[in-house]
Structures are given as C-alpha cells and as structure tokens.
Amino acid sequence: MKRFLAVLMIVLALTASFPFTAFADDEVFTQEQIDYYKNLGLQGTTVNVYNWGEYISDGGEGSMDVVSEFERLTGATVNYTNFESNENMYSKLVGGGVSYDVIVPSDYMIDRLIDEDLLLPLDYDNIPNMKYIDPQYQNLFFDPDQKYSVCYNVGTTVLIYNKTMVDEEPDSWSVLWDEQYKDKILMFNNSRDSFAIAQAYLGKDFNSTTEQDWVECAQLLAEQKDKVNPVYVMDEVFNLMESGEYAFAVYYAGDYLLMVENNEDLGYCFPKEGVNAFFDAFCIPTCSKNKAGGEAFINFMHEPQVAYENCEYIYYRSPNITVEGNEDSSLYGSDVIYPKEELNTQYFKNLPQNIIELQNNLWTQVKSGKLSVDSKEKDRRIYTECAVLAGVIVLVGIGKMISNAKKKKEQDLSDLYD
C-alpha cells in the first residue's frame, strides 16, 4: 500500500508539471520521450540485462514495471536475468558463451573488468540522461575518466537484527560471534562482503595487500563457523529474516527497508567498527551484441519518472538529481538511506591477483570447515611437536659432533706421543 500511494503521488505531481500522454493509469511519458525511444530503431532486437536480484521495479504492488515500459516504448525485447554476487557475475562473463548488453557490477568489480578489458566504452550521445547524474557520482575512483559506467545506486552494508530475539540493541559486529545465537545468524554468501566484516572487526584495511591480514580474517571467520554455525545466504535473506526465524543478518541497507515492511520486529545498526560503502553502476561488457540497445536501457533507467519509481520500489539511494533530496519520496530523511551521523566506511577496490586467489582459497576453506578452530589448534600442536623434535635432533647431532671431535682430538694426541 505504501508503494502504491508513493507511485500515485509521483504520477500526480509529474502530471501537473509535464504534458504527459498516458498509456495506463499509472504509467506516463511525454510525447517527446515516446518519440525518442520509438525512433531509436530497436524494434525487433533483444537487450540482455544482467542485474542483481530484487534490484529493479517490476510492477509489484502498483509500481512501474520498468522493463515492460522500456519494451513498449522501444519495441525491443528485454531478456532480464539475475546474479547474486559480483563474483558470480564475473565468472559468467569470463566463462564465455554468454552475451549481455547491460550489467550492474559494483565499484571494485568495475575496476577489475576495466583492467581486464572486459568493458566497452560508452557513447554518451546515446545516454543524454547522464545530465541527471549528480556530479558527485561521476568520475568515481573506479572509473575516473567516466568512460565505462553510469552510476545506478549508492549504498552500505548494515547489521539487521530481530528485536524479539535480541535483548539489547547491538552496535558491533561482535554479536556475530556470540554463541548464544548459534544457528540464528545469516552471513553473506560471498567472500568480499564476509571478509569485510572480519576486516572491520579486526581494524584492517578492506583492500589490504598483506597476505597475513587475509589469513587472520579467515581464521576469525572460521572461528565464527565453529561457534555459531552461520547460514550463508544472499537473496534468501529476505524470506528468512521476514519470517522471524533468525536473530541477525548482514546485508545491504536498502534491503533492510524492504524486510521491515514485512516484519516490524526488525531493527538495524551500522556497527561502530565500520561498514562497506559501495556504488553499483550500469556497464556494457565486451560480449554485448546490442550496444545501442544497452545504452538505450541505461538512458531509460535514468528518466526522471523511471528513476523515481525505481528508487521508491527498491529503496536505494539514487544518484539522479531529480530523485535525490525529493521531499515527496518515502525515503526522504530515512536514517538508513541518509544517516544523520557520519559513518565509518571503506570502499572496496580491485585487489592484486595473488590476493584475489588467496581470498578465494581461504573462503573455500572457511565454508568447507577445513579451516576450523580445531584444525588450527591441531596444526599448531603439530608444528610445535615438529619444532621440538627438530630441536632434539639438532642437539643430538651437535652432541655427536662434539663427541666425535673430542675422540679425534684424543686420538691425534695419542698418535703424536707414540
């Protein structure tokens, strides 16, 4: 109901400002917009879009179905599919055999894709709505020349908790290691986000290039697995937290607002040790077969009406100046989206290949239980015993050398006197 009212309000407000031609009760565009998309020549083509799950307005609860609207205005067909993590998306791209015209990676993954020549430069003549992107969200650290990406959303990670199962409001990641919540904790099922929680807790740089830092964080995550047996999830987090079965979950701030709509007992906090802040952006990969269609889709997503309704539906901070700071928005003034206090944040950046490989190997060991606390203690005992044995062997060897040297000296003296 809240989303329906928000959609109705924006339609009425926009109707008062622009001469719209209506195609349905809640979906309207100007004649200029209609003509623009009709004249792109995309009729009969296919645009393959690869996006995060739960990350676009899909027509539910009275919202705009933005994919259907794009199809209707352009005459193109959108093949829309989802991924759960940047790493899954990357694996699909480098695995070959796929063709995507629009992808929505996060900052550090965009940096990596640029380094590996997996993105196409954008033609901004085909993306005139770039004029609506706030300058603070242009030329970002992962794309300083604004060559490959158009910012989609801005967000942070957050700690979500069930007020009926947690006595005190948390303020630290430490609760994720509290044994009283064994089997009641949901963790990210991707390595970068999970390691960031351990890194924040240990006071380490999210982009450390020191291998020992990653090993220590892996050990902390292994300790968590042994103590509380967390469930590793991505989009499954919605149903699991909304059902009230779990005490804690780590996820993205915008998604908390979706969850609390269905379970008012959920609360949130930004842990004092720090959180990851991120940018997600539209890009076109080198495997694209319809670059013009991809650029048209990116442009459409930043039409003022589309950007607003999309933001109202998915609850993420938009870089679009027609949306940001809009007092009519249900997100306006939200402490989750616009925190009143400055947060302790770090951004992810692309890591050296050796660190990426180490991270992936350690994550596999953590999840499989091969890096459990018991095994670490066993390994330490083995190393200690081996060290002691080696020391004994060395001492015995030195003793034999001294004894042999002494015998030789005595023999030499005996031979001398003889």
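As the structure is a prediction and not an experimental result, all values here were calculated from the model.

Definitions and limits used
Residues numbered from 1 in each chain as written. Predicted model: local features only at pLDDT ≥ 70, side-chain atom pairs only at ≥ 80, totals over all residues. Heavy atoms only, no water. Phe/Tyr/Trp six-rings, centres within 6.5 Å; stacked < 30°, edge-to-face > 60°. Buried < 20%, exposed > 50% of the residue type's maximum accessible area, 1.4 Å probe, protein only. Helix = DSSP H or I, 4+ residues; strand = E, 2+ residues; numbered from the N terminus. Core = buried A, V, L, I, M, F, W, Y, C linked by side-chain atoms within 4.5 Å. Pairing = 2+ DSSP bridges. Contact = heavy atoms within 4.5 Å. Axes fitted to C-alpha atoms, helices over the stretch in contact; angles between N-to-C directions. Parallel < 35°, antiparallel > 145°, perpendicular 65-115°, else oblique. Nonpolar A, V, L, I, M, F, W, Y, C, P; charged D, E, K, R; others polar. Salt bridge = Lys/Arg side-chain N within 4 Å of Asp/Glu carboxyl O.

A.B. asks: Would you take a moment to explain the packing of aromatic side chains for this structure?
C.D. replies: The description of two aromatic rings rests on the distance between their centres and on the angle between their planes. For the coordinates displayed, the defined rule picks out 33 aromatic pairs. Their ring planes at 90° and their centres at 4.9 Å tell us that Y36 and Y37 sit as a pair that is edge-to-face. Given a relative accessible area of 30%, Y36 falls into the partly exposed group. Look at Y37 and you get buried, because its relative accessible area is 0%. A centroid spacing of 5.0 Å and a plane angle of 85° characterise the contact between Y181 and F248, whose relative ring orientation is edge-to-face. Taken as a pair, Y181 in the loop between β6 (150-162) and β7 (185-188) and F248 in strand β9 (residues 248-252) lie far apart in primary sequence, 67 residues in all.

A.B. asks: Would you mind going over the nonpolar core with me for this structure?
C.D. replies: General note: in soluble globular proteins, nonpolar side chains tend to be found buried as a group. Residues L176 and F248 are the most contacted members of the largest nonpolar core, which totals 128 residues. Top element by residues in this core is β6. It accounts for eight residues.

A.B. asks: Please explain the sheet that holds strand β5 (residues 102-103) as it appears in this structure.
C.D. replies: Strand order in this open sheet of three strands is β4-β3-β5, and the pairing throughout is parallel. A single partner strand is all that each edge strand has here, and the edge strands are β4 (77-83) and β5. Note that strand β3 (residues 46-52) and β4 share seven bridges and pair parallel. Bridge assignment links T46 to a residue of β4, and that residue is T77. Strands in contact with helix α3 (residues 66-74) are β3 and β4; relative to β4, the strand with the most contacts, it is inclined by about 155°.

A.B. asks: I keep staring at the environment of G293 and nothing clicks. Help me out?
C.D. replies: On the secondary structure map, G293 appears in helix α10 (residues 291-301). Looking at G293, the relative accessible area reads 0%, which means it is buried. Taking the C-alpha atoms as reference points, G293 and T77, separated by 216 residues in sequence, lie 9.8 Å from one another.

A.B. asks: Teacher, can you tell me more about helix α11 (residues 304-314) here?
C.D. replies: Note: α-helices contain 3.6 residues per turn, so residues at a spacing of three or four share the same orientation. Where burial is concerned, most of α11 is hidden: eleven out of the eleven residues are buried. Along α11, the residues that are buried comprise P304, Q305, V306, A307, Y308, E309, N310, C311, E312, Y313 and I314. Looking one or two places after α11, you find Y315, whose phi comes out positive at around 65°.

A.B. asks: How should I be thinking about the pairing of β7 in this particular structure?
C.D. replies: Every other side chain in a regular strand lies on the same face of the sheet, so the side chains alternate between the two faces. One ladder, built from two bridges, connects β7 with β9; its direction is parallel. Considered in β9, the bridge of L186 is made with A249. With three bridges connecting them, β7 and strand β8 (residues 231-233) associate as parallel partners. Counted as the bridge partner of L186 is V231 from β8.

A.B. asks: How do you make sense of the packing of helix α6 (residues 191-202) against helix α12 (residues 353-368) when you look at a structure like this?
C.D. replies: Each pair of packed helices can be described by the angle between their axes along with the distance between the axes. In contact at an axis separation of 10 Å, α6 and α12 are set at 85° when each is read in the N-to-C sense. Taken together, the axis directions place α6 and α12 in an arrangement best described as roughly perpendicular. From α6, S191, R192, S194 and F195 reach across to α12, where they touch Q359, N360, L362 and W363. Considering only residue class, the contact of α6 with α12 consists of three nonpolar, four polar and one charged.

A.B. asks: When you look at the pattern of salt bridges in this model, what are you seeing that I'm missing?
C.D. replies: When charged atoms on two side chains of opposite charge get close, those side chains can pair. The tally for this structure, following the rule as stated, stands at eight salt bridges. Notably, a salt bridge pairs R112 with E116, separated by 3.0 Å at the nearest N-O pair. Accessibility expressed as a relative area gives 31% for E116, which makes it partly exposed. One salt bridge connects D335 with K340, and the closest N-O pair in it is separated by 2.4 Å. Of the residues examined, D335 reaches a relative accessible area of 33% and is grouped as partly exposed. Bridged by salt links that share partners, the residues K204, D213 and E216 form one connected network.

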